[in-house]
Structure formats: structure tokens, C-alpha cells
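# Fold and geometry: a report
Okay, here's what each chain looks like letter by letter:
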Amino acid sequence: MPIWGVVNQKGGVGKTTTAVNLAAGLAAKGHRTLLVDADPQGNATTGLGVDKRAVEATLFDVFSALSNNAESDGVLKPAILSLGEGQPDIVPATLDLAGAEAVLLNAVGKELLLRDALESVSDEYDWIIIDAPPSLGLITINILAASSEVIVPMQCEFYALEGLSQLMKTIDIVKKRINPELKIGRVILTMYDGRNKLSRQVREEVTEFFGDKVAQTIIPRNVRLSEAPGFGEPALQLYPSSKGAVAYAEFTEEVLNLCAAH
């Protein structure tokens, strides 16, 4: 079962939009999909219409239990919310997840807690998508340790490649020491404007750096993608004919084809 983390330590690059719409796209195609919100901002949670004030268990509770040496079997299930047929399930996040780094710090096997938790539900899902926080701390290390592949969203802006070497170094270290199976699945360009010389330049630079790892699908700058979270629905469902939603539908196909080719 593929577990894909959506990672980039830079904020505002389209991580959550990518994670939410990919998870929605996979679920709409009949794949049993779990979206794990691992960002304390909880934007993926609200982006799927979940009221954070009403949730009873979150990813923080999962990490807390595992840090206290609870058995990994059964720890994740109470935190999973089912949103109905054709929708992904979600493990929500709230601001308390910001305290997870401190909780994880003294745990035995602290880098592997998320992997162990996800293994306990692996038979119930075809896909698991994880939305990472904009940092390279212990939560992101847990995501890299648990993932088979990662998606790296990159905004088409002047500083797109800044900090990239740090991310690549972290991925290499995790691959070497913790998760030898880890691969970069796709680098996806977001907020692309073909009329803009800078966007085209960034596309060239990213392609030069990553080669065929760069997704064929490019996510355009699109107001509908920004509006959809305010309504608690992925753009794929709310505005299916918008340019952004069409692009994410194409990206979902690209990810499925990539997995089928492995």
C-alpha cells in the first residue's frame, strides 16, 4: 500500500492543497484513502470540512499514546474520522500538535512512531497521504520514515529552490539510516503562470535539478483553489471544472500511473 508524504519545509508552496486534492481525487476514483493531517495549523482538517473544535482525538493523541509506550495496534483508529462514501478518511490535527515535538523527544524509536501507527491500519486502505508541516523537525522525520514516496510541491517564485538542499539532505539521511525504500515520487510545480517569465524560468531550473521526477502536470495559479478550503471542500469537488481542479485530477492520474509502473 503506497504511503505518500507531501513535504517541503517552506510554507505557502501548496502542500495542503496538494495533499487534500490528491486524497480527494484518489477517493473519488474508488480508492480507500486516508489523509493524515500532520501540520499543527490543521488546514487539511478544515479543508475537508471538519470542525476542529468538535474532534475527540487527533494525531497529537496518537503520538502521545505511542510516546508512553502504548501498543501501536489500535492507537490510530480512534483518531480516524470517516467522511462518507467517495471521500477520504482523515486523521485530524489541531494546534496541540505543536507540542508533539516535545512529547516525541524522549520516546523510544521516536522517528518510527507514525510508521508503526499506520502499519496497524494498512489493510484497510489503498492509499495514505500525509500533509507535512513546514519544518524539518521530528514530525517530518516521522513522515519520511513512514512514506514509500514523497511529493515535493514547489511554488513558481524567486526563492523556489532556496532551502532545497536542506530538504534533500534530510531525505538522504532518512533513506540511509531509517527508510531505505524512500523515494521522491514527484516534484510538482504549483501557482504556475505561463505568462510570467519567472514561472517559466523556475520550471526550467527545477527540471534541470530533478529531471524526470518533475510532474508532467503543472498546477496553475487559480483563485478557486484558494477559495475551496473556506467552504470545507476540496476544489476537485466544489469547483470540478476550474483550472486548478482539472490539474489536480490530472495529477491524481499521474500518481496512479506512476504507482502502477513500479
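Here's a quick rundown of the structure. For every chain, the first residue of the written sequence is number 1, and numbering continues from 1 along that sequence. Note on the predicted model: pLDDT of at least 70 is required for a residue's local features to be given, and 80 or more for side-chain atom pairs to be given and counted; whole-chain, interface and lining totals, by contrast, use all residues. Excluded from the side-chain calculations are hydrogens and water; all other atoms, namely the structure's heavy atoms, are used.

## Some remarks on the packing of helix 1 (residues 15-28) against helix 11 (residues 243-261)
Two elements in contact, helix 1 and helix 11, have axes whose closest approach is 9 Å; the angle formed by their N-to-C orientations is 70°. Judged on the interaxial angle alone, helix 11 and helix 1 are roughly perpendicular. Packed against helix 1, whose contacting residues are Thr17, Thr18, Asn21, Leu22, Gly25 and Leu26, the element helix 11 presents Tyr248, Phe251, Thr252, Val255 and Leu256 at the interface. Of the residues contributing to the contact of helix 1 with helix 11, the split by class is 6 nonpolar, 5 polar and no charged. Angular values range over 0 to 180 degrees, each being the angle between N-to-C directions of two axes fitted as lines to C-alpha atoms, with helices fitted over their stretch in contact. Helix and strand assignments follow DSSP, with helices taken as H or I runs no shorter than four residues and strands as E runs no shorter than two, numbered in order from the N terminus. Relative orientations are named as follows: roughly parallel for angles under 35 degrees, roughly antiparallel for angles over 145 degrees, roughly perpendicular for angles from 65 to 115 degrees, and oblique for any other angle. Any two residues having at least one pair of non-hydrogen atoms within 4.5 Å are treated as being in contact. Polar here means any residue outside two lists: the nonpolar Ala, Val, Leu, Ile, Met, Phe, Trp, Tyr, Cys and Pro, and the charged Asp, Glu, Lys and Arg; Gly therefore counts as polar.

## Quick look at the pairing of strand 2 (residues 33-37)
For a regular strand, side chains alternate in direction, first toward one face of the sheet and then toward the other. Accessibility here uses a 1.4 Å probe with only protein chains present; expressed as a share of the type maximum, an area under 20% marks a residue as buried, one over 50% as exposed, and anything in between as partly exposed. Summarising burial for strand 2: 5 of the 5 residues are buried, a large majority. The alternating pattern of strand 2 places Thr33, Leu35 and Asp37 and Leu34 and Val36 on opposite faces, both of which are buried. Think of it this way: DSSP has to see at least two bridges between two strands before they count as a pair. Here strand 2 runs beside strand 4 (residues 127-131); their pairing, made up of 5 bridges, is parallel. Residue pairing across strands places Asp37 opposite Asp131, the latter belonging to strand 4.

## Overview of the pattern of salt bridges
Each salt bridge in this description consists of a side-chain nitrogen of Lys or Arg and a carboxyl oxygen of Asp or Glu lying within 4 Å of one another. A complete count under the given rule lists 10 salt bridges for this structure. Across the pair Asp116 and Arg115 runs a salt bridge, and its minimum N-O distance is 3.8 Å. Residue Asp116 is classed as partly exposed on the basis of its relative accessible area of 25%. Looking at Arg115, the relative accessible area reads 29%, which means it is partly exposed. When the shortest N-O distance is used, the salt bridge between Asp193 and Arg195 registers 3.1 Å. When its relative accessible area of 19% is taken as the criterion, Asp193 is described as buried. Its relative accessible area of 75% is what places Arg195 among the exposed residues. Taken together, the shared-partner salt bridges connect Arg115, Asp116 and Glu119 into one network.

## Looking at the side chain of Gln9
Looking at the secondary structure, you find Gln9 in the loop between strand 1 (3-6) and helix 1. Among all residues touching Gln9, those that are not within four sequence positions of it are Pro134, Ser135, Leu136, Gly163, Gln166 and Leu167.

## Description of helix 3 (residues 59-67)
In terms of residue burial, helix 3 counts as a mostly covered element, since 7 of its 9 residues are buried. Every buried residue belonging to helix 3 is among Leu59, Phe60, Val62, Phe63, Ser64, Leu66 and Ser67, and all of these are buried. Elements that come into contact with the buried residues of helix 3 comprise strand 2, strand 3 (89-91), helix 4 (100-105), helix 5 (113-119) and helix 6 (138-146). Positive phi appears at Asn69, one or two residues downstream of helix 3, with a value of about 65°.

## Focus on the sheet that holds strand 1
Pairing within the open sheet is parallel, and its 6 strands lie in the order 3-2-4-1-5-6. At either end of the open sheet lies a strand with only one pairing partner, and these are strand 3 and strand 6 (183-190). On average, adjacent strands in this sheet sit at an angle of 20° to one another, irrespective of strand direction. Judged from the 3 bridges that link them, strand 2 and strand 3 form a sheet pairing that is parallel. Looking at strand 3, one finds that Val36 is bridged to Val91. Contacts from helix 8 (residues 197-210) reach strand 5 (149-155) and strand 6 within the one sheet, and its direction differs from that of strand 6 by about 175°.

## Some details on the environment of Phe251
If you trace the backbone, Phe251 turns up in helix 11. With a relative accessible area of 0%, Phe251 lands in the buried category. Taking the C-alpha atoms as reference, Phe251 lies 14 Å from Met191; in sequence the two are 60 residues apart. When sequence neighbours within four positions are dropped, the list of residues in contact with Phe251 reads Thr18, Leu22, Ile151, Arg186, Ile188, Ala215 and Thr217.

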